[in-house]
Protein chains: 2
Amino acid sequence: MEQLSTLKCEACAASAKLLSADEIELLLPQVQGWKIIVDSGIQKLKCDFATRNYTKSVAFTNAIAEMAEAINHHPQIILEYASVTVIWWSHNIKGLHKNDFIMASKTSELF
Amino acid sequence: MEQLSTLKCEACAASAKLLSADEIELLLPQVQGWKIIVDSGIQKLKCDFATRNYTKSVAFTNAIAEMAEAINHHPQIILEYASVTVIWWSHNIKGLHKNDFIMASKTSELF
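Residues numbered from 1 in each chain as written. Chains lettered and ligands numbered in written order. Predicted model: local features only at pLDDT ≥ 70, side-chain atom pairs only at ≥ 80, totals over all residues. Heavy atoms only, no water.

Visitor: Please clarify how the sheet that holds strand 4 (residues 83-88) of chain A should be interpreted in this entry.
Guide: What links the strands of a sheet is backbone hydrogen bonding, and the strands pair in either a parallel or an antiparallel sense. On the basis of which strands lie adjacent, the open sheet formed by 8 strands has the order 1(A)-2(A)-4(A)-3(A)-3(B)-4(B)-2(B)-1(B) and antiparallel pairing. What marks the edges here is a single partner per strand, and that holds for strand 1 (35-39) of chain A together with strand 1 (35-39) of chain B. Across this sheet, the average inter-strand angle for adjacent strands is 25 degrees, counted without regard to direction. In the sheet, strand 1 of chain A pairs with strand 2 (residues 42-50) of chain A via 5 bridges, with the strands oriented antiparallel. Within the sheet, the bridge partner assigned to Lys 35 of chain A lies in strand 2 of chain A and is Lys 46 of chain A. (Pairing = 2+ DSSP bridges. Helix = DSSP H or I, 4+ residues; strand = E, 2+ residues; numbered from the N terminus. Axes fitted to C-alpha atoms, helices over the stretch in contact; angles between N-to-C directions.)

Visitor: So what exactly am I meant to see when it comes to the layout of surface pockets here?
Guide: If you roll a probe as big as a water molecule over the atoms, it shows you where there is empty space left. Residue and element names in this part refer to chain B. Taken as a whole, the largest pocket holds about 260 Å³ of empty space. As for the largest pocket, its lining consists of 12 residues, of which Asn 72, His 73, His 74, His 91 and Asn 92 are closest to the centre. Residues of the lining of the largest pocket, tallied by class, amount to 5 nonpolar, 7 polar and no charged. Considering only enclosed or pocket space, the second largest pocket measures out at about 210 Å³ in volume. (1 Å grid on protein atoms, 1.4 Å probe; cavity = no way out; pocket = protein on both sides within 12 Å on 5 of 7 lines; lining within 4 Å. Points joined across faces, edges and corners; volume = space filled by probe spheres on them. Nonpolar A, V, L, I, M, F, W, Y, C, P; charged D, E, K, R; others polar.)

Visitor: Mind showing me how you'd approach the pairing of strand 3 (residues 76-80) of chain B here?
Guide: Remark: a regular strand shows side chains that alternate across the two faces of the sheet. Taking burial as the measure, the 5 residues of strand 3 of chain B include 4 buried ones, the bulk of the element. In this structure, strand 3 (residues 76-80) of chain A lies alongside strand 3 of chain B, joined through 3 bridges in antiparallel fashion. Bridge pairing links Ile 78 of chain A to Ile 78 of chain B in strand 3 of chain B. Sheet analysis places strand 3 of chain B next to strand 4 (residues 83-88) of chain B, joined by 5 bridges and oriented antiparallel. Counterpart to Glu 80 of chain B in the pairing with strand 4 of chain B is Ser 83 of chain B. Hairpin remark: strand 3 of chain B followed by strand 4 of chain B, antiparallel, with 2 residues in the connecting loop. (Buried < 20%, exposed > 50% of the residue type's maximum accessible area, 1.4 Å probe, protein only.)

Visitor: Explain helix 2 (residues 54-71) of chain A to me, please; I cannot follow it from the model alone.
Guide: Residues spaced three or four apart along an α-helix point in a common direction, a consequence of the helix completing one turn every 3.6 residues. Taking 1.5 Å per residue, 18 residues should reach 26 Å; helix 2 of chain A reaches 26 Å between its end C-alpha atoms and fits that length. Those residues of helix 2 of chain A lying buried are Tyr 54, Ser 57, Val 58, Phe 60, Thr 61, Ile 64, Ala 65, Met 67 and Ala 68 of chain A. On its buried face, helix 2 of chain A sits against strand 2, strand 3, strand 4 and helix 3 (98-110) of chain A together with helix 2 (54-71) and strand 3 of chain B. With a side-chain oxygen lying 3.1 Å from the backbone nitrogen of Thr 55 of chain A, the N-terminal cap of helix 2 of chain A falls on Asn 53 of chain A. Where helix 2 of chain A ends, the next residue or the one after it, Asn 72 of chain A, has phi of about 55 degrees, a positive value. (Expected span 1.5 Å × (residues − 1). Contact = heavy atoms within 4.5 Å. Polar contact = N/O pair within 3.5 Å; in protein donor to acceptor, adjacent residues only side chain to side chain.)

Written out as structure tokens, the structure is:
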């Protein structure tokens, strides 16, 4: 199976298809620590990263932001004193695309 | 009445008293756009700032983080593409201290 973190996230069109439950079931074990949440009916991919202190939290947030901006796909990032929570989903298709798993994998690698 | 943004936020002891409902009612009109939320029984002060783009969101997040670190009082910051949500409360007293209103005021000024 191809390794997610080595794949490229490409902008997905509004007509792109959401991942099926079967596809999600196959991809989820490849992004350790990430779980599926449902927020206002939208499936999202969430992970809490425990950091040692605020400086680390801010640095990690900026590293994710830089990656997000480079690829033009932006997660929600919740910055706290000793944790950073990252939530990926595809806004234009209101749910999960393979891109989100690629970005989740790259986020974990960055951490 | 003293202007909140000119006051200094000082570390509050675990024995510090939570603001009373009357005190909150007096302080809230001084921080325009901020509202009280209750999260797991803890009163917090929340504001959504609409930014024009991701670069602005990231810059604002970093400005808040720098202020927070300097004063050693850290909010929750939710960074999104075109918005930054900031939530202040005092962790050690599990609720709102005058410090949180001071920091909310300084956050709005920073924006």
